[in-house]
Structures are given as C-alpha cells and as structure tokens.
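Remarks on the overall topology
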Amino acid sequence: MLLGKMPALDPEEAFFVAQKKARLFGLEVLREDQLTPDHEALEVLPAEFAREFHVLPLRVDKGRLHVAIADPTNTATLAMLGFLSNKSPVLKMASGEAIDRAIAKVYSTLDADHRLLDEGPTVEEDIAAAAAGLERLAHQQPVVRLVNNILAEAIRRRASDIHIRPGGHLVTLIFRIDGDMTQVRQFTKNLLSAVVSRIKILGRMDITKRHIPQDGQARIRDGERTVDLRISVLPTIEGESVVIRLLNPTLDVNDVHDLGFTPADGVRVAVLLQRTSGILLATGPTGSGKSTTLYSALKTMISSNVNIITVENPVEYRIAGIEQVPVSPEQGLTFAKVLRNILRHDPDVIMVGEIRDAETALIAVESGLTGHLVLSTLHTNSAIGTMSRLLEMGIEDYLIRATLIAIIAQRLVRKTCLACKILDESDGDLRALFGAAPDEPFYHGAGCPECLKRGYSGRRMTYELLVSTPALRRLITHALDADALQRQAIADGMVPLTLHALSLARAGEISLAEVFSTRID
C-alpha cells in the first residue's frame, strides 16, 4: 500500500508502528514534537519533494542533511535526496502522518505557490500571479541547486545534451553521452514547473508562455571551464520537455591535423586551405562533428594574414582574430541576407554555418567563383551524395565543376575504452560483411567504472575525403552517374568512409559494431 493511501492512525499508535520499523533498520525514531526543522534545512529540499516522498529536512551539519523519513527502503527517494541536496543524508524515522503534518505546517508559504501551479491561470490576473509564483519557486535555493547539479553532472560525465522528459507521474533525466541516450534518474513531476522555469530564466525566456516552443541560450562556468548552453523548450501533452545542448566555446583542437586525418590526408586538406577561391564542404548527419572540422580549418588559416568572416546560427565557438556574425531569421537576418552584405566587407575566407536552402547555396557557390574561399556544411550521407544534393537545390553543374574544391563526409564513432578493452568474438557474418578474416583480431570494451560500464570512452572522426580533380569534374553533369563518380574518387585517392572506419577497428581504436554504424547503404 502506498504511504499516501494509508488509513489515519492515532499519533501514539503511529509512533509505535514507526518505532518497530526503526528497530529493523537501526534508526532513531522521532515523535511529532521533535520534527522541528531549522531554516537552513528547509532551503535544501523543495516542498513538492518533501510532500511527495514524506521526507522532512531537519538540519544541516558538517555537509550532512539530517532528515526524517517514513520509508527508509525507498532507494529512489534516497538517491534523489543526495542529488537534490548535494549532501549525505542522515536518516531518522517518524510516522508518515507526523511527517505530513509537519510538512504542511513548515512549508505553508510554499503551499500557496504550489496551489497557484495546480489551479492554473484562467484570467489575466491569475496568469500574472502564477508567473510570480513560478518565478519565486525558480529562484528558491533547492530548485537552483537541483538545476545546478544537473548541469554539473552532465559536464562531469561529458554529456553533449541534457533531456528533461516528462511522463505520467515522473520526469526522466537523460544525458546523451558519446552519442548514446543514457537515463540518469527520475524525479517527481511536481518539480517540473519549477525546474523548467529556472531553466527558462537561465536562457532568458518567457516563463509565462508554457504552450509554445521557446529557444534560449546561456553561458555558465564550471570551475575553470566555460560552457555555452543552447536550450530548447517544447510543450508536450505531459508537460514541457527540455533539451539543453552543452558546448565548449573554446575549441579543443588547434588545427586540421588534430582532427584525426591520416597524415597524407592532413597534408592534402592543409594544402586545399591555401586556395584563394572555391568551396569546401563538410557533410554528414546532425552531430557528426562538421562544425568542429570547419572551425579547425579556420584556426589553421588564422596565421595566413587573411580576412575571415563567419555566418552562423548560432555561433558555436568563439575564435579570436575572426569576425563572427550570428544570423537571426526571426528578425529577417537570414544566411542569404548576411552573405550578400559580407561580400562588401572585403573577406578572403567565408564560413557559412550551414547551407539550408537554394538561395544560400547559390550565393555561397557564386562567392567561391568570385575570389573567395568558402567553407560550409551540408546534411548529406556521403561525398558523392553531396553533389546530387547541390544539383537538386538548383545549382548548375558548371558552377559545381568550377567551384568545388573538396568534400569531407564524416561521422563520429565511439572509441573503445582502453581500460577494459578485450578481444571481440564477433560473429562470422559481421566479419564477412567487411571482408575480415575469421581470426583477425578486433576489440571492444567489456565495461568498467572508468567508462561508466559502457565499454566506450570518447569519440573520434571517421571520414572520406573527396578532392575535386580534372577527371572527377568531367563526370559532374546533370545526368550524374554516382557509381562512376565513386570509382573515380577512389582512383583519385579517396578511402570510402566505412573502409576508413574498418582501419580504425583494425588498429584497435573502435569496435566492429561501430564500423557497422557508418554504413551508408
């Protein structure tokens, strides 16, 4: 039977039942008149959490939180206690009825705010009152601490994204780590409004608008590190869902040689970046590292005494010595409009964050034709598929032939954890698929504390580099023969993406399963 459904007991009888249970766990049991929390303890736990799980904070002592609890067997509650308070809990027992009465008494102020949230606004005055209540909740120390702890834990675990996903009665916290969606924990849905409001305040969004999507951004510090947050709030039937992307505004790589190219390809890319006109594209799905590749290329060129301007939405990394222009479609400042103005700003190198439409594609290609080196990204699966996509966007084949320098089609693959790397006894079908011998050694991670039991630690790029040669350019026509282009690109030195991934598996850097994930067909 749930604690919230238990029939009411006489206070003495309830104390006697709690006392018997406390003996089983070796815990001290408290009478109702002993449930007198101090002010510091009340600031540690939100009223919603206390009510939901029948937990009353009593006092804070030397980094520990003394709490009265009705059910010490609830491990989820104990985990949330530590997460919310960022302190080690010291448990004492009391009856559920006594705890509930004490909570109702000491959290009476917050109860008023909670009623505002439950009833919901019906007229303009109620909306203003509810917004004020939400804002007060969002600024309370327990809610601030909860959001801070979520962000700090995501940074510590090297997450790229935080998902706060509401369900029926609980909210699930999920981190995307090395591309994987990893469930971290759940918390009571009563906290959702306050948590989302706190995040909206961080992202400079409107906390009164709960039925429309909103985007925001913020910058936080974690010790010596600065982290940029890109925040998206989306209304769902279960409540507002939040996704926070974590970005390091300082690039971890110095130039293209640090990206993971083979020595020969690293030299080829560095030479291509010395060109004074044309267009170089980094392609791949969302989250494949395209922006990192282009930023690394820009850092390679900074010392070349050239004027570099970027057009981005948003500006992901800030690099000294480069003029970076953020676009704002809401205000009519689109990629195409900014590009037209940039051409009058005397650039040598232009980086376009993403080619999304035919107008931007045409201006980018024409810029590459008129004495500018243009770098940009495109969402395509392969180098050859990029040329088909440009043709579909209405770019004439002669313009592609005249301006295309190279295409880097890439993915990010998970690196095998070195601390738990073991031989991979993959089945014969997977080996045969890649032409590997039955006894050829491959490795995977068994899972250990170092990699949080995942078998992977970090990611790296795998890629194919297509360089435009005279022979290849002759094949770029409206009647595009993709197979002929692929054969010519390989003859010109391109290693197909999956074969490059296979070479990483043979070197023990990634598993065969990761190679399989790079297949395009």
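As a reminder, the structure under discussion sits directly above these lines.
Residues numbered from 1 in each chain as written. Predicted model: local features only at pLDDT ≥ 70, side-chain atom pairs only at ≥ 80, totals over all residues. Heavy atoms only, no water.

**Quick look at the packing of aromatic side chains**
The final tally for this structure, using the stated rule, is 2 aromatic pairs. Seen from their ring centres, tyrosine 295 and tyrosine 317 are 4.8 Å apart, and the 85° between their planes marks the pair as edge-to-face. Placement of tyrosine 295 in helix α11 (residues 290-301) and of tyrosine 317 in the loop between β11 (308-312) and β12 (323-326) is noted, with a sequence separation of 22 residues between them. Classification of tyrosine 295 by relative accessible area gives buried; the value is 1%. Tyrosine 317 gets classed as buried once you look at its relative accessible area, which sits at 12%. Sitting above the plane of the tyrosine 456 ring, arginine 414 keeps its charged end 3.8 Å from the centroid. A cation sits over an aromatic face here: lysine 421 above tyrosine 443, 5.0 Å from the ring centre. (Phe/Tyr/Trp six-rings, centres within 6.5 Å; stacked < 30°, edge-to-face > 60°. Helix = DSSP H or I, 4+ residues; strand = E, 2+ residues; numbered from the N terminus. Buried < 20%, exposed > 50% of the residue type's maximum accessible area, 1.4 Å probe, protein only. Lys NZ or Arg CZ within 6 Å of the ring centre and 35° of its normal.)

**Structural notes on the state of the cysteines**
Summed over all chains, the structure comprises 0 disulfides. The thiol of cysteine 420 is unpaired, and the distance to the nearest cysteine sulfur, on cysteine 448, comes to 3.7 Å. (Disulfide = S-S within 2.5 Å.)

**Quick word on unusual backbone geometry**
Positive phi outside glycine occurs at arginine 204, with the angle close to 55°. Here arginine 204 is to be found in the loop between α9 (192-202) and β7 (214-222). The backbone of aspartate 346 sits at a positive phi, close to 55°, despite the residue not being glycine. Its location among the elements puts aspartate 346 in the loop between α12 (335-342) and β13 (349-352).

**Some details on the sheet that holds strand β6 (residues 180-188)**
If you trace the 6 strands from one edge of the open sheet to the other, you get β6-β5-β4-β9-β8-β7, paired in antiparallel fashion. If you trace the sheet from one side to the other, it starts and ends with β6 and β7, each paired once. Between one strand axis and the next, the sheet turns by 20° as a mean value, whatever way the strands run. Note: β7 against strand β8 (residues 225-236), 9 bridges, orientation antiparallel. By the bridge assignment for β8, glycine 216 is matched with isoleucine 231. Here α9 sits on the sheet in contact with β4 (159-166), β5 (170-177), β6, β7, β8 and β9 (239-247), set at roughly 40° to β9. (Pairing = 2+ DSSP bridges. Axes fitted to C-alpha atoms, helices over the stretch in contact; angles between N-to-C directions. Contact = heavy atoms within 4.5 Å.)

**Let's talk about the pairing of β8**
Turn length for the β7-β8 hairpin, with the two strands adjacent in sequence and antiparallel, is 2 residues, and the turn residue glycine 223 shows positive phi of about 65°. When β8 meets β9, the two strands line up antiparallel, connected through 9 bridges. The partner of threonine 236 across the bridge, within β9, is glycine 239. The antiparallel pairing of β8 with β9 creates a hairpin that spans 2 residues between the two strands.

**As for the pattern of salt bridges**
For the structure on display, the rule yields 20 salt bridges. The shortest N-O distance in the salt bridge between aspartate 228 and arginine 219 comes to 2.6 Å. Exposure remark for arginine 219: the relative accessible area of 42% places this residue in the partly exposed category. Close ionic contact of glutamate 354 with arginine 356 constitutes a salt bridge, the shortest N to O distance being 3.2 Å. (Salt bridge = Lys/Arg side-chain N within 4 Å of Asp/Glu carboxyl O.)

**Details of the packing of α12 against helix α13 (residues 358-369)**
Look at α12 against α13: their axes get within 9 Å of each other, and the N-to-C directions meet at 20°. On the basis of their axis angle, the class for α12 and α13 is roughly parallel. Like other packed secondary-structure pairs, α12 and α13 cross with a definite hand, here left-handed. Facing α12, whose interface residues are Phe335, Ala336, Leu339 and Arg340, α13 presents Glu359, Thr360, Ile363 and Ala364. For the contact of α12 with α13, the per-class residue count stands at 5 nonpolar, 1 polar and 2 charged. (Parallel < 35°, antiparallel > 145°, perpendicular 65-115°, else oblique. Left-handed = near helix turned anticlockwise from the far one by under 90°. Nonpolar A, V, L, I, M, F, W, Y, C, P; charged D, E, K, R; others polar.)

**Points about the environment of isoleucine 231**
Along the polypeptide, isoleucine 231 turns up in strand β8. In the structure, isoleucine 231 is positioned 31 residues away from lysine 200 in sequence and 8.3 Å away in space, judged by C-alpha atoms. Residues within four places of isoleucine 231 in sequence aside, it is in contact with Ile199, Gly203, Met205, Gln214, Asp215, Gly216, Val242, Val243 and Ile244.

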